[in-house]
Each structure stands twice: as C-alpha cells, then as structure tokens.
Amino acid sequence: MKQVTVTIPATTANLGPGFDCLGMALSLYQTVTFSTSAIPGITIMAEGEDAHKIPTDCTNLVLKSAEIIFDKIGQRPSSLQIHQKNAIPIGSGLGSSSSAVLAGMFGANALLDSPFDNSQILQMATDLEGHPDNVAPAVYGGLILGVQAEEGLIVERIPVPPLRMVVILPDFHLLTSAARAALPRQVSLQDAIFNSSRLGLLIRALETADYPQLHIAMQDRLHQPYRIPLIPGMAEAFEAAKNAGAAAVAISGAGPSLIAFAPDSHTEIGAAVTAVFKQAGLNSRTWILDVDTGGASIQTN
Ligand code: HSE
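Residues numbered from 1 in each chain as written. Predicted model: local features only at pLDDT ≥ 70, side-chain atom pairs only at ≥ 80, totals over all residues. Heavy atoms only, no water.

**Focus: helix α6 (residues 189–207)**
Here comes step 1: Relative to the 27 Å expected for 19 residues at 1.5 Å per residue, α6 spans 27 Å between its end C-alpha atoms, a close match to the ideal helical length.
Here comes step 2: Those residues of α6 not exposed but buried are D191, F194, N195, R198, L199, L202, I203, A205 and L206. Angular distribution of buried residues about the axis of α6 spans 160 degrees; they occupy a single face of the element. Away from the buried face of α6 by more than 90 degrees, exposed residues L189, Q190 and R204 are located.
Here comes step 3: One or two steps after α6, the chain reaches A209, where phi turns positive at roughly 50 degrees. (Helix = DSSP H or I, 4+ residues; strand = E, 2+ residues; numbered from the N terminus. Expected span 1.5 Å × (residues − 1). Buried < 20%, exposed > 50% of the residue type's maximum accessible area, 1.4 Å probe, protein only. Arc of directions from axis to C-beta.)

Below is the structure:
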C-alpha cells in the first residue's frame, strides 16, 4: 500500500496584458491524497469547495490526468483511491482545472516512483491546457512567465515581494471556451504594442511592488475589452475597486472573478465590488489572498 498527498495552489492568469503567458500562484489550495491498497478498483471522493461539481466517475479530471501518466509508462492502476480536498472554486478563473490536472499528474508520477521531472509534467499539463499561464505558476509558485517556443517551453520565475490581493467571484457561469470565443481572431498593431509595452512594465512593477505604475501596467487591450461585457456589472466593478483603493484591477484568468492589487484597503475593495455585483443582480464571494511561493508540493507516506 502506498499513499501520496499532493497540494496545488490556485493561480491567477493573464494579470491584464500577460494573456496566455503570465500567471501567479495564490494562497488557496487543492489537496489530493492518492492511496493504493489490496482492494481492486478506483474510488473517488471529493469534499470542500464546489465538491458537488466534481464528478466521481471516469470523467474526473484528477483521474483522467493521472491516467495520462500511467499510460505513458504503459501501466494501469489496479487499485486507486483518490480523495480531493478542494478550496479552489470551480469555473472561477482561479486555475481550478490546472490544479486538478497537476494533482493527477504529480500524484500518479509519485506513485510510479517519479519517472518524470517537474519540467516534463509541466509540458504535459501545458499540452493539455493549451497554455502555460495557470499550470506553470501552480508548479513552481510565485510569478511565472511561460513562453511557448519552438524549442520548447521556457519558464521564467520573476521574484516578487509579498503582495496581497482581493479576489471577488460573482455568482455567474462563464465557460472558459465562451470567454475565448469572444476574442477577435486578429488584433491591430496598436493594440499589440499597447499590450507588449505594458507587459514589460507589469513585470517591473510587480517585481518592485510599484503600485502607482501597476495602475498603468495592468491595462490590456487583447482580451479584457471583449470579456468585460460578458459579465454583468464587471465594468462597474473595475471602477468600484479602483475608487475603493485598488491600484490595479484585472479579470482573473478567463473570469468571471476579478482580482485587485492594493497595498491596503482590501476589505473595503471587496465590499465595494460586492455592492456593484449585487446591483447587477449577482451575489459574490471575496477572498483576500497572498502570493503562494511554494508551488506544487508532493508528499509520499
Ligand atoms: N489565459 C487563459 C485565458 C486562462 O485567458 O483564456 C484561462 O484558461
């Protein structure tokens, strides 16, 4: 009998102009325990945040991702118990699917005595997700720039000082596929320059916790202008967060949650955004989070 416990942080992808390449790990986690025993068969148990939305059959994402690893080395688990303890809201823009994919892959890898290293797991998870901006920070922690090059995936960890963020999740269903379908196929040269210049500035502003500069650096023209109208109250929520003291605001990942960066006034920002979503007819929930610097952790018992 073997037991492996994997903990994966939530992530916020894009951070405004870093569409599909920049992401940061957050202090909110999914922990999954994998056990093998003499009893044959696969069982899945889920508890915690959105547990009712987590399938416990063969469509479970943790299991499907674990099976990718087992398949790669030509094995099948004859006995496997998966126990998910989740704190990351599903479909929120906080990397819940990346956390499930990585939990499955790291868990299976550890059960198999680690045939793959972190960078190989990250490559497989990126192939599955299509982009590295959630999975890379979830593996390594902190702020990560992930560049998909012909030569392979380049992962650059950008050191950041402690930052505190407010995440407000409106009770609104927005599929990532719908949020991606809303984007234009082509963008103007001006918009490309707008984003690339701000991405450079953003990395610098986060490295130095330069809040006044963050205000400009987190602006984006590639995805947010198309996504904000999809979420009731989001345009007003951006304004409310700034008026309550946020230095910079972004849609977290593909949404629908909003993330605000501020040196203080986190509770006030959360309350202001909550009031705006309420006016738009949506209940919402708020988290005040820090940067996770540890990334994925794997414990074999
Ligand atoms: N970069 C992705 C997007 C994150 O914004 O669509 C969500 O998967």
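**Details of the sheet that holds strand β10 (residues 284–290)**
Here comes step 1: If you walk across this open sheet you meet the 4 strands as β8-β9-β7-β10, and the pairing is antiparallel. The open sheet has two free edges, formed respectively by β8 (248–251) and β10, since each of these has just one partner strand. Pairs of neighbouring strands in the sheet enclose a mean axial angle of 20 degrees, with direction left out of account.
Here comes step 2: Looking at chain direction, β8 and strand β9 (residues 258–261) are connected through 4 bridges and run antiparallel. Residue pairing across strands places A248 opposite F261, the latter belonging to β9.
Here comes step 3: Along the sheet face, helix α10 (residues 266–279) touches β7 (164–170), β9 and β10 and points at about 15 degrees away from the line of β7. (Pairing = 2+ DSSP bridges. Axes fitted to C-alpha atoms, helices over the stretch in contact; angles between N-to-C directions. Contact = heavy atoms within 4.5 Å.)

**Considering the packing of helix α9 (residues 234–243) against α10**
Here comes step 1: Here α9 crosses α10 at 155 degrees, and the two axes come no closer than 8 Å. The angle between α9 and α10 places the two elements in the roughly antiparallel class. You can see that α9 and α10 cross each other, and the crossing is right-handed. Residue-level contacts link M234, E236, A237, A240 and A241 of α9 to I269, A272, V273, V276 and F277 of α10. (Parallel < 35°, antiparallel > 145°, perpendicular 65-115°, else oblique. Left-handed = near helix turned anticlockwise from the far one by under 90°.)

**As for the nonpolar core**
In a soluble, globular protein the nonpolar side chains are often hidden away together inside.
Here comes step 1: In terms of nonpolar packing, the biggest core is built from 34 residues, with I8, F34, I69, I82, L102 and F106 touching the most fellow members.
Here comes step 2: Looking at this core, the elements that each hand over two or more residues are β1 (3–14), β2 (18–35), α1 (61–72), β4 (79–86), α2 (96–111), α3 (118–129) and α4 (135–140).
Here comes step 3: Considering every element that reaches this core, the biggest residue donor is α2, with 9 residues.
Here comes step 4: Ignoring sequence-local partners within four residues, the contact set of I69 consists of M105, A108, N109, L112, F116, I121 and M124.
Here comes step 5: Listed in part, the 33 residues of the second largest apolar core include L26, L202, I203 and A205. (Core = buried A, V, L, I, M, F, W, Y, C linked by side-chain atoms within 4.5 Å.)

**Some details on the pattern of salt bridges**
Here comes step 1: All chains considered together, the criterion is met by 9 salt bridges.
Here comes step 2: With a closest N to O distance of 2.7 Å, D113 and K2 form a salt bridge. Note that D113 is positioned in the loop between α2 and α3 and K2 in the segment before β1, a separation of 111 residues in sequence.
Here comes step 3: Overall, the relative accessible area of 60% leaves D113 in the exposed class.
Here comes step 4: The exposure class of K2 is partly exposed, given its relative accessible area of 23%.
Here comes step 5: Put simply, E207 and R204 hold a salt bridge, and the shortest N to O gap is 3.5 Å. In this pair, E207 and R204 are both assigned in helix α6, 3 residues apart and thus about one turn of the helix distant.
Here comes step 6: Residue classification places E207 among the partly exposed residues on the basis of a relative accessible area of 31%.
Here comes step 7: One salt-bridge network, held together by shared partners, links E67, D71 and R76. (Salt bridge = Lys/Arg side-chain N within 4 Å of Asp/Glu carboxyl O.)

**Observations regarding the site of the ligand**
Here comes step 1: Taken together, N14, F19, D20, H131, D133, N134, T176, R180, R227, G253 and A254 make up the full set of residues adjacent to the ligand.
Here comes step 2: At 2.8 Å from an oxygen atom of the ligand is found a side-chain nitrogen or oxygen belonging to N14.
Here comes step 3: Within the side chain of D133, a nitrogen or oxygen atom sits 2.6 Å from a nitrogen atom of the ligand.
Here comes step 4: Protein chains bury 93% of the 260 Å² of accessible surface belonging to the ligand in isolation.
Here comes step 5: Those elements that place two or more of their residues in the shell around the ligand are β2 and α5 (176–181).
Here comes step 6: Along the lines of polarity and charge, the residues of the shell around the ligand split into 2 nonpolar, 5 polar and 4 charged.
Here comes step 7: Each of domain 1 (3–159 + 293–300) and domain 2 (164–290) contributes no fewer than three residues to the shell around the ligand. (Near = heavy atom within 4 Å. Polar contact = N/O pair within 3.5 Å; in protein donor to acceptor, adjacent residues only side chain to side chain. Areas by Shrake-Rupley, 256 points an atom, 1.4 Å probe, with all protein chains shown as cover. Nonpolar A, V, L, I, M, F, W, Y, C, P; charged D, E, K, R; others polar. Domains from an automatic or database assignment.)

**Some thoughts on unusual backbone geometry**
Here comes step 1: A cis amide bond links G255 with the next residue in sequence, P256, at an omega value of 5 degrees.
Here comes step 2: Mapped onto the elements of the fold, P256 is located in the loop between β8 and β9.
Here comes step 3: Its identity as a non-glycine residue notwithstanding, L15 has a phi of 50 degrees, on the positive side.
Here comes step 4: The topology assignment puts L15 in the loop between β1 and β2.
Here comes step 5: Residue classification places L15 among the buried positions, given a relative accessible area of 0%.
Here comes step 6: Phi is positive for D50, which is not a glycine, with a value near 55 degrees.
Here comes step 7: Within the element layout of this structure, D50 appears in the loop between β3 (41–48) and α1.
Here comes step 8: For D50, a relative accessible area of 12% gives the class buried.

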